Amino acid sequence: MQSGWVTNQMKTGLLLLARRDYQINGRRNRLTILAVGISVFLVSSVLALSESFYTKMLDEMKVSDANVLTIAFGSGSNPLNYTYQNLYTENDINLVRQVQDVSSVTGVKGMGIESLVYGGNKRMLASTLKGVSADFFTNFNVGYSGSFPNTDEEVLIGASMASASNLKIGDALVATVKGEKHELRVSGILDRQEEQLFSTFPTEVNQLVAANVSNPLFAGSDYMYLSAIANDTSRLSEISAEIEGKLGEDDDLTAALQNTGLRPLVATRQNVLDMLGTWFGYISLFIYAVAVLIGIICTINIVNIFVITIQEKHRDIAIYKVVGASRRQIKTIYVIQSIAIGLLGTVFGLICGIGLSEAAEHVLGWTGHLSFLSISLPLLIGIGAPVIAGLTASAKTDGVSINILSGGQ
């Protein structure tokens, strides 16, 4: 009867026993909480910062809208590994226009210039004159002050060119092309493009010197690359394949590319996003592997700490058994302690990890980004590792014999 009463009291007093043991080993438990907190801190801060950096990179992809197509040449399966060749003709532009859901097809020509002089004898750092149509700037949402070149003497210049030379609309230039001097006039200045981490296009626009593609200077020249708009962005892959197939119908182009290893290739901003997604997929796998490793190390350390604690509590455990405590009840004492350690360590680690990442993002100018994974994975490690450790270590209580109370083993 007395034994049954004690057993019932043990069932209701597990929390008190766990609390007492926790307090007795307060210093050791505080160090364990710190270890859990550091593990959670590392995982949560790395995940939060990596996701914010990924978001920052995506925000930087503002060179063009998702529907802009760049049609150049490439040799592999990667659409971003493209190059320019003066091989596209009006026939190719017409072929691209035949593709469904494609509009605003235009091309870009390029011509080397020996010098570009203003103000009598001041030279501009320009070696190429581009031939474009107004649609080219419309496709890329590039605006300009003044007007688009409508005569053979007019050119548009980029903001960096205008700033470095103090040129204004209406000012005169002299370009030397194939030994001949050509009088030019600035008809417009392109809007300054914000520099970006993952594209040279803004720099190219800021340093551009462009004439109308119909300028006689480009007579007999072919297009370096083509630009177009996809009217249905859900079909980007299909449209790209259709364009490449259409250009394959140009026998002259096919002959020019024979034995070069090059072929017509369509690149879009989505290709860049896909590439970044692939890269960060690999990085994420590495981060997850490190997180799992941290969880394993944390679990092993806590198991060792609990095993030491249980070894020091052999007499207490034997007493629990004498008064009728079951194996499960004795194990629960240590599992409760492991849950408390996990919760406290996780809260501490998350606060520090999120706080650090928020501060770093503020300093770097990144947009804060906390995903479900960046919270759930640290929680899983912070709570799961101690609980697993508690369950594993508590099994050691089964081997404690009540004979220890009489001096036996």
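In case you missed it, the structure is sitting above this.
The structure presented is a predicted model; accordingly, all values stated were derived computationally and were not measured. (Residues numbered from 1 in each chain as written. Predicted model: local features only at pLDDT ≥ 70, side-chain atom pairs only at ≥ 80, totals over all residues. Heavy atoms only, no water.)

Looking only at helices and strands, the protein chain features 13 helices and 13 strands. The buried share of the protein chain, reckoned over its 409 residues, is 44%. Once local pairs closer than 6 in sequence are excluded, the contacts in the protein chain between residues at least 24 apart make up 80%. If you sum the accessible surface of the protein chain, you get close to 20600 Å²; carbon and sulfur atoms cover 57% of it. (Helix = DSSP H or I, 4+ residues; strand = E, 2+ residues; numbered from the N terminus. Buried < 20%, exposed > 50% of the residue type's maximum accessible area, 1.4 Å probe, protein only. Contact = heavy atoms within 4.5 Å. Areas by Shrake-Rupley, 256 points an atom, 1.4 Å probe, with all protein chains shown as cover.)

Once that is clear, we can look at helix H13 (residues 372-394). One turn of an α-helix holds 3.6 residues; hence residues three or four places apart share an orientation. With 23 residues, H13 ought to run about 33 Å at 1.5 Å a step, and its terminal C-alpha atoms sit 32 Å apart, in line with that. Within H13, the full set of buried residues consists of Ser374, Leu377, Pro378, Ile381, Gly382, Ala385, Pro386, Ala389, Gly390, Ala393 and Ser394. (Expected span 1.5 Å × (residues − 1).)

As a further point, take the pairing of strand E6 (residues 128-132). Here strand E3 (residues 102-112) pairs with E6 via four bridges, running antiparallel. Each residue of the ladder has a partner; that of Met111, found in E6, is Leu129. (Pairing = 2+ DSSP bridges.)

It is worth spelling out the packing of aromatic side chains at this point. In this description, an aromatic ring pair is defined by two values, namely the gap between the centres and the angle between the planes. For the structure shown, the criterion picks out nine aromatic pairs. When the ring of Phe136 is compared with that of Phe140, the centres are 5.1 Å apart and the planes differ by 55 degrees; the resulting orientation is tilted. Each member of the pair, Phe136 as well as Phe140, carries the same accessibility label: buried. Seen in terms of ring centroids, Phe137 and Tyr144 are 6.0 Å apart; in terms of plane orientation they differ by 70 degrees. Their pairing is edge-to-face. An aromatic cluster is built from Tyr82, Tyr84, Phe136, Phe137, Phe140, Tyr144, Phe148, Phe201 and Tyr225, whose rings are joined through pairwise contacts. (Phe/Tyr/Trp six-rings, centres within 6.5 Å; stacked < 30°, edge-to-face > 60°.)

If you look at the biggest cluster of nonpolar residues, it comprises 22 residues, and the most contacted ones within it are Leu116, Met124, Leu129, Val155, Ile157, Leu173 and Val209. Mapped onto this core, the elements with two or more residues apiece are strand E4 (115-118), strand E8 (154-157), helix H6 (159-165), strand E9 (172-177), strand E10 (180-190) and strand E11 (209-212). Apart from residues lying up to four places away in sequence, Leu173 is in contact with Leu116, Val117, Tyr118, Met124, Val155, Leu167, His182, Glu183, Leu184 and Val186. Core analysis: the next-biggest nonpolar cluster, separate from the first, contains 21 residues, Val99, Val102, Val213 and Ile243 among them. (Core = buried A, V, L, I, M, F, W, Y, C linked by side-chain atoms within 4.5 Å.)

Looking at the secondary structure, you find Ala389 in helix H13. Sequence separation between Ala389 and Val335 is 54 residues; the distance between their C-alpha atoms is 8.4 Å. In this structure, Ala389 is in contact with Thr299, Ile302 and Val303, ignoring residues within four places of it in sequence.

This part takes up the pattern of salt bridges. Under the defined criterion, the tally for this structure stands at five salt bridges. With a shortest N-O distance of 2.8 Å, Asp101 and Arg235 are connected by a salt bridge. In this pair, Asp101 sits in the loop between helix H4 (90-97) and E3 while Arg235 sits in the loop between strand E12 (225-230) and helix H8 (236-247), placing the two residues 134 residues apart along the sequence. Taking the relative accessible area as the measure of exposure, Arg235 reaches 19% and is therefore buried. (Salt bridge = Lys/Arg side-chain N within 4 Å of Asp/Glu carboxyl O.)

The side chains of a regular strand alternate between both faces of the sheet. The side-chain alternation of E8 yields two buried faces, one formed by Glu154 and Leu156 and the other by Val155 and Ile157. In this sheet, E10 lies alongside E8 in parallel orientation, the contact comprising four bridges. Bridge pairing links Leu156 to Gly188 in E10.

Looking at the secondary structure, you find Gln193 in the loop between E10 and helix H7 (201-206). Here Asp191 takes part through its backbone oxygen, which lies 2.9 Å from a polar atom of the side chain of Gln193. In contact with Gln193, not counting residues within four places along its chain, are Val142, Pro202, Val205 and Asn206. (Polar contact = N/O pair within 3.5 Å; in protein donor to acceptor, adjacent residues only side chain to side chain.)

Our focus in this paragraph is the packing of helix H11 (residues 314-322) against helix H12 (residues 327-364). In the contact formed by H11 and H12, the axes pass within 10 Å of each other and the chain directions differ by 140 degrees. Taken together, the axis directions place H11 and H12 in an arrangement best described as oblique. Between H11 and H12, the contacting residues are Ile317, Tyr320 and Lys321 on the first element and Ile330, Ile333 and Tyr334 on the second. Broken down by class, the residue content of the contact of H11 with H12 amounts to five nonpolar, no polar and one charged. (Axes fitted to C-alpha atoms, helices over the stretch in contact; angles between N-to-C directions. Parallel < 35°, antiparallel > 145°, perpendicular 65-115°, else oblique. Nonpolar A, V, L, I, M, F, W, Y, C, P; charged D, E, K, R; others polar.)

Keep in mind these values describe shape, not function.
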